[in-house]
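# Summary of structural features
One letter stands for each residue in the lines below.
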Amino acid sequence: METKIYTLDQIDEAAAALKKGQLVAFPTETVYGLGADATNVEAVSHVYEAKGRPSDNPLIVTIADVATLEKFAQPLSDQVKLLIKTFWPGSLTIILPLKKDALSKTVTGGLDTAAFRMPANAATLSLIRTAGVPIVGPSANTSGKPSPTLAEHVYHDLKGKIAGILDDGPTDVGVESTIIDMSTDVPTILRPGAVTEDQLADVLGTVQGNKHKVGANETPKAPGMKYKHYAPDAQVEIVDHPSDFKAAVDWAGQQATKVGLMATDDILAKLDVPANVETYSLGADVAAASHLLFAGLRHFDLETEVATIFTQGFSNDGLGAAYMNRLNKSAGGVHFTNNKSVDK
Ligand code: TXA
Ligand code: MG
C-alpha cells in the first residue's frame, strides 16, 4: 500500500479514506494520532496490526463535538461538563462510563469505560466533521517507540501500512495528553500531560495525582502504562542535576563508542564536549524540552550510532511531571548521578 501525504487542502480526500475504513494518521497539538472510524470494527482492528499494539490496550476516541460524546457515554456529571468547558479542545483525555454496548470491544479492550479526547487542532477537527464519524486515536508510532511529533516520524514507522498522513507540521506540546479517570469516585490522573494536576484541582477540588510506579501485583488503570515505552535502541540515562553533566561528559570521553547528550542550551553552552559526544539541544526550558524530547530520541536512533543517551531531567511538577514520566519510561528508570549510573 502506498502511504499518501495529505496536505491541509486535501482534508476531504483524507476524510473519504477514513469513511472507507482506511487508516489515516492525523495531527494533534500533542503528538500525531493513528485514525480509523471508531464505529468500524474491522478498521479499528487494523490499527492494532499497523502499530503492533497488544489488543488489550484500549484506544482513545477522538471527537469534534460534545454531542458525539453524549451518544456514547453515560449522562455527563457537572464536574465532567466543567472539565470539557475549561479544557476542550485541548490536551485532556477523559475516561467515562459508557452506555451499554455503545462502542465495540475492539475499541475499549472490553472495559465498560472509554477514553475521549477533543484535540486542539483545526485540521483534525475538520477531518472528523467531514468524515462524520468519531475516530480512534492512539499515537501513530510503532508500539514501544517514541510518539511521533512530525509527519515524517509517522511515515518512518507506518509507511506501507496505512493509507495516508494528514501533515500539519510539527506538533506543539510534544507529549501526549493528560488522562483523567472520571469513572471513579475520586477523579484520578492516569497519565500526566500538559494539563497539570494543579489546573485539574482548581476545577475539580479533589484529584488523585498520577502514581509513578505501579506495584508488581497492581493492575495499572490505563492498560497502556504497563508496556515498555518510548524506548530508543540506545540506553537513555537521566541526568537530574545540571552539575552532573560534567561527570557524564568525562565518562563519555573515556568510551570507545559514541555517546548522545540532550540538554538545554544553557547547559550545552557550558560543557566542553569530546569528539565522540553528539549533542541535541532541548531548547530553553521544560516546555521546549517536552516539544523536542521524542524527536531527539528518534534522531539518535535513526541518524547516529550512540550506545548511551544522557538526557536532562527536570523537576517533577507542572509540565515537568509529563516530561519526566515519558523520560523515565524511555530510560527504564536509569539515572546518572554522582558520577555513576543507578537504577532508581
Ligand atoms: O495526546 C494523546 O492522547 C495522543 C493523541 C494522538 O491524541 N493519543 C495517545 O493515545 O496518546 P495512546 O493510545 O497512545 O494512549 C492512550 C492511553 C493508553 O495508555 C490506554 O491504555 C489508555 O489511554 N486508555 C484508553 N482507554 C482507556 C480506558 N477506558 N481506561 C483507562 N485507560 C484507557
Ligand atoms: Mg501511545
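Naming follows an unreviewed UniProt entry, where the protein chain appears as Threonylcarbamoyl-AMP synthase of Secundilactobacillus collinoides. The Sequence similarities (unreviewed entry) field of the UniProt record for the protein chain holds the comment "Belongs to the SUA5 family." UniProt's Subcellular location (unreviewed entry) comment on the protein chain is quoted here verbatim: "Cytoplasm".

To continue, consider the overall build of the protein chain. Across its full length, the protein chain carries twelve helices and 16 strands. For the protein chain, the C-alpha radius of gyration of 20 Å lies close to 20 Å, the compact-globule estimate for 344 residues. The C-alpha extent of the protein chain, read off along each of the three principal axes, is 60 × 50 × 35 Å. Within the protein chain, the proportion of its 344 residues that are buried is 47%. In the protein chain, once contacts between residues fewer than 6 apart in sequence are set aside, the share between residues at least 24 apart is 68%.

The sites that UniProt annotates as "domain: YrdC-like" (unreviewed entry) are residues 8-195. Between the first and last C-alpha atoms of residues 8-195 the distance is 27 Å; the span itself is 31% helix and 19% strand.

Sheet architecture is open: ten strands sit in the order E1-E8-E2-E3-E7-E4-E6-E5-E9-E10, paired in mixed fashion. The open sheet is flanked by strand E1 (4-6) and strand E10 (188-191), the only strands paired with a single partner. Of the strand pairs in this sheet, strand E9 (residues 178-181) and E10 are connected by three bridges, and their pairing is antiparallel. Following the sheet pairing, Ile 180 is matched in E10 by Ile 189.

Taken domain by domain, the protein chain holds domain 1 (4-226) and domain 2 (235-343). Computed over C-alpha atoms, the centres of domain 1 and domain 2 are 29 Å apart. At the junction of the two partners, domain 1 supplies 14 residues and domain 2 supplies 15 residues.

Turning to unusual backbone geometry, a few remarks are in order. Cis rather than trans, the peptide bond between Trp 88 and Pro 89 has omega equal to -10°. Tracing the chain through its elements places Pro 89 in the loop between helix H4 (78-87) and strand E5 (92-97). With phi around 55°, Asp 101 is a residue other than glycine that occupies positive phi space. Residue classification places Asp 101 among the exposed positions, given that 8 C-beta atoms sit within 10 Å.

Helix length check: helix H12 (residues 319-331), at 13 residues, gives a terminal C-alpha distance of 18 Å against a target of 18 Å (1.5 Å per residue), a fit within 8%. The buried count for H12 comes to twelve of 13 residues, which makes it a mostly enclosed element. On its buried face, H12 is in contact with helix H8 (197-204), strand E11 (235-239), helix H11 (286-303), strand E14 (306-312) and strand E15 (334-337).

So, about the pairing of strand E16 (residues 340-343). Two elements, E15 and E16, share four bridges in a ladder whose sense is antiparallel. By the bridge assignment for E16, Phe 336 is matched with Ser 341. From the end of E15 to the start of E16, which pair antiparallel, there are two residues, and Asn 338 there has a positive phi angle of about 45°.

Attention now moves to the UniProt feature "binding site: ATP" (unreviewed entry) in the protein chain. Feature annotation in UniProt places "binding site: ATP" (unreviewed entry) on Arg 53, Asn 57, Thr 113, Ser 139, Ser 147, Arg 191 and Tyr 230, given in this structure's numbering. On the basis of their most widely separated C-alpha atoms, the annotated residues across 178 residues do not gather in one place, lying as much as 25.6 Å apart. Excluding its chain neighbours within four sequence positions, the residues that come into contact with Ser 139 are Val 31, Gly 33, Ser 147, Pro 148 and Glu 176.

Criteria and thresholds
Residues numbered from 1 in each chain as written. Chains lettered and ligands numbered in written order. Predicted model: local features only at pLDDT ≥ 70, side-chain atom pairs only at ≥ 80, totals over all residues. UniProt positions renumbered as here; feature names shortened; annotations may be inferred. Helix = DSSP H or I, 4+ residues; strand = E, 2+ residues; numbered from the N terminus. Rg over C-alpha atoms; globule rule 2.2 N^0.38 Å. Buried ≥ 20, exposed ≤ 12 C-beta atoms within 10 Å, placed from the backbone. Contact = placed C-beta atoms within 7 Å. Pairing = 2+ DSSP bridges. Domains from an automatic or database assignment. Expected span 1.5 Å × (residues − 1).

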